[in-house]
Number of protein chains: 2
Amino acid sequence: MYGLIGSFIATPGSRDALRDILLASTGDMPGCRSYVVYEDTNDENTLWISEVWEREEDHRASLQLPEVRAAIAQAKPLIAGFGAHHVVRPVGGVGLS
Amino acid sequence: MYGLIGSFIATPGSRDALRDILLASTGDMPGCRSYVVYEDTNDENTLWISEVWEREEDHRASLQLPEVRAAIAQAKPLIAGFGAHHVVRPVGGVGLS
């Protein structure tokens, strides 16, 4: 499995909009076993994401899906910067579809 | 929902053992909607966890479950330190049981 844990910093006042864009594009992504969006409780502009993919290739392919490309284009102007970015190897647990 | 994203640093050589302890204790935790363990790909001693709970109280109650208490006792000597620790508010996505 292939995973990512990362954070985004939204431009001031746009975290909700960025969150909704991130959530709307997750409907049908082949190889996606978990994709959770979180609001930081300490920083009102920060969002977190944890992602679990069957293979790294599935993640890469997802970035080419029309709905994901559209979401990225919509999201870009709302992103002030990136925070954490960790490539991780999921090894199990609860909630892997 | 209530969530945690964090990392542990295992004592040298014990990451696999720590990982197995973390995974073994996740069987039946009321209110747990996701609990994924990851190996860091850049640091051979680091593990990551993402957790999604229905409520903060469910997380707190899980720490009192006999199997979780036993796992914590087993894990403690294998933990050299803690890295990231973020309290987060899960807002949706894929793989929330």
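Residues numbered from 1 in each chain as written. Chains lettered and ligands numbered in written order. Predicted model: local features only at pLDDT ≥ 70, side-chain atom pairs only at ≥ 80, totals over all residues. Heavy atoms only, no water.

Asks: Go over the overall build of chain A with me, naming the residues and quoting the values.
Replies: A count of helices and strands for chain A gives 3 helices and 4 strands. When the helices and strands of chain A are placed in sequence order, the string is β-α-β-β-α-α-β. In terms of overall dimensions, chain A is globule-like: its C-alpha atoms have a radius of gyration of 13 Å, near the 13 Å expected for 97 residues. With the C-alpha coordinates aligned to their principal axes, the bounding extent of chain A is approximately 35 × 30 × 20 Å. Accessible surface, chain A as shown: approximately 4600 Å² in total, 52% of it carbon and sulfur. Within chain A, the 13 negative side-chain charges are centred at a point lying 6 Å from the centre of the 8 positive side-chain charges. (Helix = DSSP H or I, 4+ residues; strand = E, 2+ residues; numbered from the N terminus. Rg over C-alpha atoms; globule rule 2.2 N^0.38 Å. Areas by Shrake-Rupley, 256 points an atom, 1.4 Å probe, with all protein chains shown as cover. Lys, Arg positive; Asp, Glu negative; His and termini not counted. Charge placed at Lys NZ, Arg CZ, Asp CG, Glu CD.)

Asks: Which residues make up the side chain of A:S25, and what values go with them?
Replies: All names here are of chain A. By the secondary structure assignment, S25 is in the loop between α1 (15–24) and β2 (32–40). Here S25 falls in the buried class, since its relative accessible area comes to 10%. A polar contact is formed between the side chain of S25 and the backbone oxygen of L22, at a distance of 3.3 Å. Those residues in contact with S25 that lie beyond four places of it in its chain are E67, V68 and A71. (Buried < 20%, exposed > 50% of the residue type's maximum accessible area, 1.4 Å probe, protein only. Polar contact = N/O pair within 3.5 Å; in protein donor to acceptor, adjacent residues only side chain to side chain. Contact = heavy atoms within 4.5 Å.)

Asks: Describe the relation of the copies chain B and chain A, with residues and values.
Replies: For the pair chain B and chain A, the superposition axis carries a translation of 0.0 Å, the fit reaches an RMSD of 0.0 Å, and the rotation angle comes to 180°. When the rotation and shift are considered jointly, the pair of chain copies conforms to a two-fold rotation axis. Every residue of chain B has its C-alpha some distance from the rotation axis, and the shortest such distance is that of B:G95, at 2.5 Å. Most of the interface of chain B is mirrored in chain A, where 100% of its interface residues again form contacts. (Least-squares fit on C-alpha atoms with pLDDT ≥ 70 in both.)

Asks: Mind laying out the interface of chain B and chain A, listing which residues take part and the relevant values?
Replies: By a frequent convention, interface size equals the accessible area lost on bringing the separate parts together. Each partner contributes to the interface: chain B provides 31 residues, whereas chain A provides 31 residues. Of the roughly 2600 Å² buried between chain B and chain A on both sides combined, carbon and sulfur atoms contribute 62%. Scanning the region where chain B abuts chain A turns up 2 salt bridges. Here A:E39 ties to B:R89 by a salt bridge, and the two come within 2.6 Å at their closest N and O atoms. Applying the counting rule to chain B against chain A returns 10 residue pairs in polar contact (both at pLDDT 80 or more). Looking at the side of chain B that touches chain A, the elements that each hand over two or more residues are α1 (15–24), β2 (32–40), β3 (46–53) and β4 (79–94) of chain B. Of the strand pairs in this sheet, β2(A) and β4(B) are connected by 6 bridges, and their pairing is antiparallel. Across the sheet, the residue bridging to A:E39 is B:R89, located in β4(B). (Buried area = accessible area lost by both parts, 1.4 Å probe. Salt bridge = Lys/Arg side-chain N within 4 Å of Asp/Glu carboxyl O. Pairing = 2+ DSSP bridges.)

Asks: An account of the packing of aromatic side chains is requested, with residue identities and associated values reported.
Replies: Residue and element names in this part refer to chain A. Enumeration according to the criterion identifies 2 aromatic pairs over all chains in this entry. Seen in terms of ring centroids, F8 and F82 are 5.5 Å apart; in terms of plane orientation they differ by 55°. Their pairing is tilted. Here F8, found in strand β1 (residues 2–10), pairs with F82, found in strand β4 (residues 79–94); they are 74 residues apart in sequence, far enough to count as distant. (Phe/Tyr/Trp six-rings, centres within 6.5 Å; stacked < 30°, edge-to-face > 60°.)

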